[in-house]
Amino acid sequence: MRLTPVLTTKALTLALALSASAQAATTIVFWDFFGGGDGIRMKQIVDDFNKSQKDIVVNRTTQTWGNPFYTKVHTASVSGQTPDVMTYHLSAVPAGLQKNDLRPFTTADLALGGLKPTDFQANLVTTLNTDAKAAGKTGLYALPLDTHTYVVYYNKDLLKKAGLLGADGKPTGITSLASLGQAMQTIKDKTGVTPAAFSTNQDPATLWRMWYSLFLQSGGTMYKDGKLYLNDLDTKGKAALQTMADWTKAGYLTKNTAYPAAVALFTAGRTAMMFNGNWEVPTMVDAKAKGTIKFDYGIMAFPKLAGASQTWADSHTLAIPNNTKTPMSAEKLKAVMTFIGYVNKQGGMGWAGGGHIPSYLPTQSSAAFKALQPVAQYSAVAAKNATLEPNVPIFGVGGPVYDAVGNNFTPVLLGQLSAEQGIAKFKAALTSFNK
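About the criteria used
Residues numbered from 1 in each chain as written. Predicted model: local features only at pLDDT ≥ 70, side-chain atom pairs only at ≥ 80, totals over all residues. Heavy atoms only, no water. Helix = DSSP H or I, 4+ residues; strand = E, 2+ residues; numbered from the N terminus. Rg over C-alpha atoms; globule rule 2.2 N^0.38 Å. Buried < 20%, exposed > 50% of the residue type's maximum accessible area, 1.4 Å probe, protein only. Contact = heavy atoms within 4.5 Å. Areas by Shrake-Rupley, 256 points an atom, 1.4 Å probe, with all protein chains shown as cover. Lys, Arg positive; Asp, Glu negative; His and termini not counted. Charge placed at Lys NZ, Arg CZ, Asp CG, Glu CD. Salt bridge = Lys/Arg side-chain N within 4 Å of Asp/Glu carboxyl O. Core = buried A, V, L, I, M, F, W, Y, C linked by side-chain atoms within 4.5 Å. Pairing = 2+ DSSP bridges. Axes fitted to C-alpha atoms, helices over the stretch in contact; angles between N-to-C directions. Parallel < 35°, antiparallel > 145°, perpendicular 65-115°, else oblique. Left-handed = near helix turned anticlockwise from the far one by under 90°. Nonpolar A, V, L, I, M, F, W, Y, C, P; charged D, E, K, R; others polar.

J.: What should I look at first to understand the overall build of the protein in this one?
T.: A count of helices and strands for the protein gives 20 helices and 15 strands. Its C-alpha atoms give the protein a radius of gyration of 24 Å, near enough to 22 Å, the size a compact globule of 435 residues would have. Based on the C-alpha atoms only, the size of the protein along its principal axes is roughly 105 × 50 × 35 Å. When the 435 residues of the protein are sorted by exposure, 53% land in the buried category. A separation threshold of at least 6 residues defines the contact pool for the protein, and within that pool the share at least 24 residues apart is 76%. Carbon and sulfur atoms form 54% of the exposed surface of the protein, whose accessible area is close to 18900 Å². Placing the 40 positive and 27 negative side-chain charges of the protein at their respective mean positions leaves the two points 1 Å apart.

J.: It is not clear to me how the pattern of salt bridges should be interpreted in this structure. Could you clarify?
T.: Think of it this way: side chains of opposite charge can pair up when their charged atoms draw near. Evaluated as defined, the whole model comprises eight salt bridges. Close ionic contact of aspartate 286 with arginine 41 constitutes a salt bridge, the shortest N to O distance being 3.6 Å. Here aspartate 286, found in helix α12 (residues 281-290), pairs with arginine 41, found in helix α2 (residues 36-52); they are 245 residues apart in sequence, far enough to count as distant. Accessibility expressed as a relative area gives 27% for aspartate 286, which makes it partly exposed. Between lysine 427 and aspartate 234 there is a salt bridge whose closest N-O contact spans 2.9 Å. Of the two residues, lysine 427 is situated in helix α20 (residues 419-433) and aspartate 234 in helix α10 (residues 233-249); the sequence distance between them amounts to 193 residues. A relative accessible area of 21% places lysine 427 in the partly exposed class.

J.: What is the right way to look at the nonpolar core in this model?
T.: Buried together is how nonpolar side chains tend to be arranged in soluble globular proteins. Within the largest apolar cluster, 109 residues are counted, with the highest numbers of intra-cluster contacts made by Tyr88, Trp208, Trp211, Met222, Phe275 and Phe426. Among the elements that make up this core, the one with the highest residue count is helix α9 (residues 204-217) (nine residues). In this structure, tryptophan 208 is in contact with Met222, Trp312, Glu389, Phe395, Val401, Tyr402, Val405 and Phe426, ignoring residues within four places of it in sequence.

J.: It is not clear to me how the pairing of strand β13 (residues 316-321) should be interpreted in this structure. Could you clarify?
T.: Residues in a regular strand project their side chains so that they alternate between the two faces of the sheet. When you tally the buried positions in β13, you get six out of six residues, the bulk of the element. Side chains His316, Leu318 and Ile320 project from β13 onto one buried face, and the interleaved Thr317, Ala319 and Pro321 project onto a second face that is buried too. Both strand β3 (residues 85-89) and β13 contribute to a ladder of four bridges, which runs antiparallel. In the strand pairing of β13, methionine 86 is matched with alanine 319. In this structure, strand β4 (residues 102-103) lies alongside β13, joined through two bridges in antiparallel fashion. Directly across from arginine 103, in β13, lies its bridge partner isoleucine 320. Both strand β5 (residues 143-144) and β13 contribute to a ladder of two bridges, which runs antiparallel. Bridge pairing in β13 links leucine 143 to leucine 318.

J.: Would you mind going over the side chain of aspartate 38 with me for this structure?
T.: Residue placement: aspartate 38 occurs in helix α2. One buried charged side chain, aspartate 38, makes no salt bridge at all; its nearest oppositely charged neighbour is arginine 41, positioned 6.5 Å away. In this view, aspartate 38 contacts Trp279, His316, Trp351, Gly354 and His356; residues no more than four positions away in its chain are not counted.

J.: How should the packing of α10 against α20 be read in this particular structure?
T.: A pair of packed helices is characterised by two quantities: the angle between their axes and the separation of those axes. It is at 9 Å that the axes of α10 and α20 come closest, and there the two elements cross at 125°. Here α10 lies oblique to α20, going by the angle between them. The element α10 and its partner α20 pack so that their crossing is right-handed. Contact with α10, carried on its side by Leu233, Asp234, Gly237, Lys238, Leu241 and Gln242, involves Ala419, Glu420, Ile423, Phe426, Lys427 and Leu430 of α20 and no other residues of that element. Partitioned by chemical class, the residues of the contact of α10 with α20 number six nonpolar, two polar and four charged.

Structure follows, in structure tokens:
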């Protein structure tokens, strides 16, 4: 008679553990920096992905936006204790490459997620390739998720009262710096409200976006022949800053206002316009749905006010940290790329609902996206005019340029420095950063 072997308690425990391990899902650690409407929508995408299958579980952690995020990423990369995937601003990629914080994506990597380079908006891919080349590298070190840019939110009720709303429900007569200034004076005279919400208090990012848009539209550049270029600052740069100072002095822009307060002033109907990024679309959509906004609003791409129509823009991307101490396994890479593929494909419309212009071309060209409101009001023009920051490591989210803007432009808007003095100090700061 053949006897069946009896498993010891220890052997049985080991067998059960091995069986459970074989069935366990692969866990992905995902860091992002999204708050507000962006955070809500990214959470939904992650939740939907986790529910869609049983093989992969994404654990999402939201870190502090800006310099704290990129400092933490660098520390994690050096220590070998990185997340598996993370968000990353395209503008921060040059600095990330300089610090060796990013791992490249190969064509084979992309294929694991059902993706290829030509799936993404061409100018974003070109920028990433340029960034890599400037750092002495080749390949894509991030995958673009969207384009986010500067837009104008407007209160239709107040513009109508000021006689500045056309029959099509859009602002009229804003075609130059002079006409925008005149329109804001008309709003002030006829409605009694501050024409535009704009944050200047402890918010250099907002100052930078407005100034850089005006600077670009006047034909200015800060990047030439692959290097930092400062010659246009004394002329076009000073003129752009003077315009902002004049608008502030005239009471056209809210003064000494923090970012949340500027948004609150507009949503409360206390300003006729708001200059801000398209990431505030969820704020407007959600507030309108809840009935907390009592007026009709519209959104338009930042207008062409000078010779060019270029407007500040950036791009959120998905990236894999460079971790040489504990390299990613083939199994983990497959899981990460499956998640990235899902975010771009199945999650694309959900992310677009946050106001962003998806960089995944099948979503961007879809009928559903083209009909998406209120994004459709500005997306076609904004995408065409979107202009990324200079391909120099000192620029971008988390870079030192924001500090230089806050330290030297804010005093100009507050009347504490002349535009000439502010630009001179700004130039000196950029020169010191770029050594």
